[in-house]
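Each chain is listed here by its residues.
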Amino acid sequence: MAVESPSPAVKLSPRRTPGAPGTFLDKSVYHSEAFARLENERLWPAAWQMVCREQDLESLGSFVTYDILDETVVVLRSSDTEIKAFHNVCQHRGRRLLEGCGKTQRLFCKYHGWRWKLDGSIDRIPWRDDFTNVADADVALEPVKVGLWQGWVFISLDPDVQPLEDYLRPISAALAPFRQDQMRYRWRRSVMLDANWKVALEAFMEAYHAQCTHNHMEPYTDGRTVCDIHGLHGMFRDSEIRLPLGVPSPLTDLPTPDDLRPNIAKFFEQLDVTLQALVTPADARGAQRILTEVPEDAEFSEIMVRLGAFQHEEALKEGIERPPITYDDVRRAGQDWHIFPNMVLLPAPDSFLVYRSRPDGRNVDRCRFDVFVLQRYGPGQEPDIDAVTQVVEDWRDADWPKIFEQDFINIADVHSGMKSSGFRGSVTNPIQEAVVANFHRQLKRVVVDGEAVVQGEMKA
């Protein structure tokens with residue numbers, strides 16, 4: 001789509017489109033209601049969307065509702081072995097059936113008292129004999145496609161959608177060794193942000209911003225990354241020229257210490273405190289042990305081997321059994337995956353950090369933003385879901401670690417700044433922000449060109 005023309009009163013200097021081909025991103029996709037209408041018609045009805053975790057649906061009758069634009073869907077545990085999803089509306093007069101999440105034995109309409117079983121079949125119609133030309137099958141709840149992956153529950157409004165296992169290539173293979181299905185919520189938050197859903201999600205598709213926004217980490221790590229594109233999806237990982245952990249970022253001008261142990265320990269401590277994700281408390285304790293149990297003159301390779309052993313020992317003290325994850329598994333998993341269209345996932349051996357963004361109805365200037373932090377726990381040690389869940393309208397009303405606060409401030413200012421007539425569009429980093437550029441290529445392919453939301457064949 002063409003960049004929207006500025007106000008006639010605003011005169012902009014002549015300027016070529018900067019950046020390598022495909023790296024300049026038209027700003028109109030964030031604020032254009034016409035583009036949003038195309039998203040509503042061609043993207044959201046066709047794509048797979050993550051709703052919740054199987055952990056939310058462990059008992060019979062447990063349910064979670066999911067709203068996207070005018071659609072409302074309920075996902076529920078219909079039997080000990082099956083999870084189903086339905087359009088969350090009464091088949092009599094269209095009233096919404098359920099709100100939020102919880103547990104129910106039947107789906108009941110509070111308007112006229114119609115009721116459905118957990119399998120979607122009609123259970124009760126008051127004065128049933130009045131409806132002589134209505135068969136039970138005519139008023140069964142309308143089903144919605146469900147897909148399960150590593151403990152996550154997805155839905156698609158398209159009954160002919162590509163199978164989820166094909167859609168998630170090659171992500172499934174890359175992350176399989178981590179056994180997300182064995183993890184449980186450490187915490188989760190749901191907030192409204194004053195930004196387009198894409199602005200919010202893109203803040204977590206790249207690490208290029210960390211050297212400025214999260215510069216408290218720069219004394220301990222060189223955050224350079226590179227991106228790999230996989231059709232609909234994309235990921236970033238450590239750059240091959242990235243300096244070893246514990247060496248300050250070259251952007252700081254700090255000297256490289258002779259002893260890297262304090263910086264490595266501080267890196268894990270800071271992530272544990274300011275992110276409260278990816279690094280577990282056991283990881284942080286294990287990192288502290290290198291200060292007293294590893295010689296000051298140890299080689300970097302020895303420090304890292306001992307670090308991994310200490311973190312594993314600390315996890316075992318809590319009864320945590322980690323699956324056999326190798327160095328190559330961690331390398332293949334990378335740091336961050338964008339799952340098209342609206343999910344971002346960051347993997348670590350004992351913790352995952354996941355983001356989801358979606359429009360606030362038809363308002364292009366607001367979105368619902370969700371953060372899920374998973375962690376591996378010992379038997380019976382996981383916290384109660386309700387105790388670690390917060391749902392608020394204003395992000396400032398929830399408890400956020402430092403790094404999230406920094407990101408949320410950026411998101412609001414980026415969204416409002418993009419409306420300036422002096423801003424033409426984003427000039428993305430072709431090395432470290434290629435996932436963002438790919439996201440826009442895929443959006444254009446689906447939303448503008450009208451192509452299918454399909455993940456193509458991936459090379460081995």
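Parameters at a glance
- Residues numbered from 1 in each chain as written.
- Predicted model: local features only at pLDDT ≥ 70, side-chain atom pairs only at ≥ 80, totals over all residues.
- Heavy atoms only, no water.
- Core = buried A, V, L, I, M, F, W, Y, C linked by side-chain atoms within 4.5 Å.
- Buried < 20%, exposed > 50% of the residue type's maximum accessible area, 1.4 Å probe, protein only.
- Domains from an automatic or database assignment.
- Contact = heavy atoms within 4.5 Å.
- Pairing = 2+ DSSP bridges.
- Helix = DSSP H or I, 4+ residues; strand = E, 2+ residues; numbered from the N terminus.
- 1 Å grid on protein atoms, 1.4 Å probe; cavity = no way out; pocket = protein on both sides within 12 Å on 5 of 7 lines; lining within 4 Å.
- Points joined across faces, edges and corners; volume = space filled by probe spheres on them.
- Nonpolar A, V, L, I, M, F, W, Y, C, P; charged D, E, K, R; others polar.
- Axes fitted to C-alpha atoms, helices over the stretch in contact; angles between N-to-C directions.
- UniProt positions renumbered as here; feature names shortened; annotations may be inferred.
- pLDDT = per-residue confidence, 0-100.
- Parallel < 35°, antiparallel > 145°, perpendicular 65-115°, else oblique.
- Arc of directions from axis to C-beta.
- Buried area = accessible area lost by both parts, 1.4 Å probe.
- Salt bridge = Lys/Arg side-chain N within 4 Å of Asp/Glu carboxyl O.
- Polar contact = N/O pair within 3.5 Å; in protein donor to acceptor, adjacent residues only side chain to side chain.

## Quick notes on the nonpolar core
At step 1: In terms of nonpolar packing, the biggest core is built from 115 residues, with Trp149, Trp152 and Leu353 touching the most fellow members.
At step 2: Each of domain 1 (20-43 + 176-258 + 326-451) and domain 2 (49-160) gives at least three residues to this core.
At step 3: Ignoring any residue separated from it by four or fewer positions in sequence, one finds leucine 353 in contact with Leu275, Ala277, Leu278, Val344, Leu345, Leu346, Val371, Phe372, Val373 and Phe404.

## Describing the pairing of strand E13 (residues 225-230)
At step 1: Note that E13 and strand E14 (residues 233-238) share 6 bridges and pair antiparallel. Bridge assignment links isoleucine 229 to a residue of E14, and that residue is glycine 234.
At step 2: Between E13 and E14, which pair antiparallel and follow one another directly, the connecting turn spans 2 residues, one of which, glycine 231, has a positive phi of 65 degrees.

## Considering the layout of surface pockets
At step 1: Counted as a void, the second largest pocket has a volume near 660 Å³.
At step 2: Taken together, 30 residues line the second largest pocket, and the ones lying closest to its centre are Thr65, Ser190, Arg356, Arg358 and Asp370.
At step 3: At the level of elements, strand E2 (49-53), strand E3 (62-68), strand E12 (184-193), strand E17 (351-360), strand E18 (363-375) and strand E19 (389-394) are the ones that each hand at least two residues to the lining of the second largest pocket.
At step 4: In terms of residue count, the dominant contributor to the lining of the second largest pocket is E3 (5 residues).
At step 5: Looking at the lining of the second largest pocket, its residues break down into 12 nonpolar, 6 polar and 12 charged.
At step 6: Of the domains in this structure, domain 1 (20-43 + 176-258 + 326-451) and domain 2 (49-160) are the two that each give at least three residues to the lining of the second largest pocket.

## Side note on the sheet that holds strand E6 (residues 101-103)
At step 1: The strand order across the open sheet built from 4 strands is E5-E4-E3-E6, with neighbouring strands paired in antiparallel fashion. Each edge of the open sheet is held by one strand with a lone partner, namely strand E5 (82-87) and E6. The average undirected angle you get between the axes of adjacent strands in this sheet is 25 degrees.
At step 2: Alignment of strand E4 (residues 71-79) against E5, held across 6 bridges, turns out to be antiparallel. Each bridged residue has a counterpart across the sheet, and for valine 73 the counterpart in E5 is histidine 87.

## Some thoughts on the UniProt feature "domain: Rieske" (unreviewed entry) in the chain
At step 1: Residues annotated in UniProt with the feature "domain: Rieske" (unreviewed entry) correspond here to residues 48-155.
At step 2: End C-alpha atoms of residues 48-155 are separated by 6 Å, and the span's content is 0% helix alongside 43% strand.

## Quick notes on the sheet that holds strand E8 (residues 115-116)
Within a sheet, adjacent strands bond to each other through the backbone by hydrogen bonds, running parallel or antiparallel.
At step 1: Taken in spatial order, the 3 strands of this open sheet run E7-E8-E9, and their pairing is antiparallel. Of all strands in the sheet, those bounded by a partner on one side alone are strand E7 (107-108) and strand E9 (122-124).
At step 2: In the sheet, E8 pairs with E9 via 2 bridges, with the strands oriented antiparallel. Paired with arginine 115 across the strands is arginine 124, a residue of E9.

## Points about the confidence of the model for the chain
At step 1: This prediction gives the chain a mean pLDDT of 95; 96% of its residues lie at or above 70.
At step 2: Between residues 1-8, whose pLDDT stays under 50, and residues either more than four places distant or in other chains, the model counts 14 contacts.

## So, the packing of helix H2 (residues 33-42) against helix H12 (residues 434-448)
The relative placement of two packed helices is expressed as an angle between their axes plus a distance between the axes.
At step 1: Interaxial distance between H2 and H12 falls to 9 Å at its minimum, and their mutual angle equals 75 degrees. If you check the angle between H2 and H12, you find them roughly perpendicular. Counting all contacts with H2, which are made through Phe35, Leu38, Glu39 and Arg42, the residues of H12 involved are Val446, Val447 and Val448.
At step 2: For the contact of H2 with H12, the class distribution of residues is 5 nonpolar, no polar and 2 charged.

## Some thoughts on H2
At step 1: Along H2, the positions that sit buried rather than exposed are Phe35, Ala36, Glu39 and Asn40. Down the axis of H2, the buried side of the element spans an arc of 145 degrees, and every buried residue falls inside it.

## Overview of the domain arrangement of the chain
You'll often see interface size given as the accessible area lost when the parts meet.
At step 1: According to the domain assignment, the chain contains domain 1 (20-43 + 176-258 + 326-451) and domain 2 (49-160).
At step 2: At the interface, 22 residues of domain 1 touch 18 residues of domain 2.
At step 3: Across the interface of domain 1 and domain 2, roughly 1,800 Å² is buried in total on both sides, 54% from carbon and sulfur atoms.
At step 4: It is Gln180, Arg356 and Arg358 in domain 1 that bury the most area against domain 2; as a group they hold 26% of the surface buried on that side.
At step 5: Summed over the shared surface of domain 1 and domain 2, the result is 3 salt bridges.
At step 6: We note a salt bridge from aspartate 56 to arginine 188, for which the minimum N-O separation is 2.9 Å.

## Structural notes on the side chain of arginine 356
At step 1: Looking at where arginine 356 falls in the secondary structure, it is placed in strand E17.
At step 2: Assessed through its relative accessible area of 5%, arginine 356 is described here as buried.
At step 3: Within the local environment of arginine 356, its side chain forms a polar contact with the backbone oxygen of methionine 50, the two atoms lying 2.8 Å apart.
At step 4: A polar atom in the side chain of arginine 356 sits 2.7 Å from the backbone oxygen of valine 51.

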